[in-house]
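Overview (structure and organization)
Here is what each chain is made of, one letter per residue.
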Amino acid sequence: MRKLFIILGIIAAIIAVVLSSLPLFNMAFIPALAALAFGLAAFYLSKKENESKKAVQLVFLLTIISLCLSTYKAIFSETEVGDTKELEVREQKAEDNAIEELEDLDLSDIKIEPEIRVQEAEDKAIEELEGLDLSE
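Each value, and the rule that gives it
Residues numbered from 1 in each chain as written. Predicted model: local features only at pLDDT ≥ 70, side-chain atom pairs only at ≥ 80, totals over all residues. Heavy atoms only, no water. Helix = DSSP H or I, 4+ residues; strand = E, 2+ residues; numbered from the N terminus. Buried < 20%, exposed > 50% of the residue type's maximum accessible area, 1.4 Å probe, protein only. Contact = heavy atoms within 4.5 Å. Expected span 1.5 Å × (residues − 1). Patch = residues over 30% accessible without salt bridge, like charges linked within 9 Å, V, L, I, M, F, W, Y side chains within 5 Å. Areas by Shrake-Rupley, 256 points an atom, 1.4 Å probe, with all protein chains shown as cover. Salt bridge = Lys/Arg side-chain N within 4 Å of Asp/Glu carboxyl O. Core = buried A, V, L, I, M, F, W, Y, C linked by side-chain atoms within 4.5 Å.

1. Some thoughts on the overall build of the protein chain
For the protein chain, the helix and strand inventory stands at five helices and zero strands. For the protein chain, the N- to C-terminal ordering of α and β elements is α-α-α-α-α. Looking at the protein chain as a whole, 18% of its 136 residues are labelled buried. A separation of at least 24 residues holds for 68% of the contacts in the protein chain among residues at least 6 apart in sequence.

2. Thoughts on helix α2 (residues 29-49)
Over its 21 residues, α2 extends 30 Å from the first C-alpha to the last, a length consistent with the 30 Å expected when each residue adds 1.5 Å. The inward-facing, buried residues of α2 contact α1 (2-21) and α3 (54-76). Trailing α2 by a residue or two, Asn-50 shows a phi angle of about 55 degrees, which is positive.

3. Digging into a nonpolar patch on the surface
On the surface, Ile-14, Val-18, Leu-22, Leu-24, Met-27 and Ile-30 cluster together into a nonpolar patch covering about 550 Å² of accessible area. Inspection of the secondary structure assignment puts Leu-22 in the loop between α1 and α2.

4. What about the side chain of Arg-2?
Mapped onto the fold, Arg-2 is located in helix α1. Beyond its immediate stretch of four places on either side in the chain, Arg-2 contacts Ala-42, Leu-45, Ser-46, Glu-49, Glu-51 and Ser-52.

5. Thoughts on α1
One turn of the α-helix equals 3.6 residues, which is why residues spaced by three or four share an orientation. When the terminal C-alpha atoms of α1 are compared, their 29 Å separation across 20 residues agrees well with the 28 Å that a helix rising 1.5 Å per residue should span. Buried residues along α1 sit in contact with α2 and α3.

6. Some words on the nonpolar core
Counting residues in hydrophobic clusters, the biggest one holds six residues: Phe-5, Ile-6, Ala-42, Leu-45, Val-56 and Phe-60. Elements with a minimum of two residues in this core: α1, α2 and α3. Ignoring any residue separated from it by four or fewer positions in sequence, one finds Phe-5 in contact with Phe-38, Ala-41, Ala-42 and Leu-45. In this structure, Ala-12, Ala-35, Val-59 and Leu-62 belong to the second largest nonpolar core, which totals five residues.

Shown next, in the form of structure tokens:
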């Protein structure tokens, strides 16, 4: 059981370190808290069985690194909003191009098949249903 908690703690701590270095650093807190929980459980079992605590210390070290890095980024990073005028101009150009393409289409070449009338389709379906023998 102790080895399971150590393995889960190391995996969660590594995921937390990786996430804390990515732009998704806010998501690093979830695996970091899981790593702390697994580390505490492994520490308790190691203390109870008088076994080595080096792997548990590794879990705690990686978790502390990820928490410090994520906290630093959360405090000191600023979200920058780009220039929206360029985006609006690009969107307007795309819309104008789409309108020009639609205007250039020649719809006289398209052959439209005659539609089946709804009433005729309903009558045909009713006749087929009446022809079924449901008394079985």
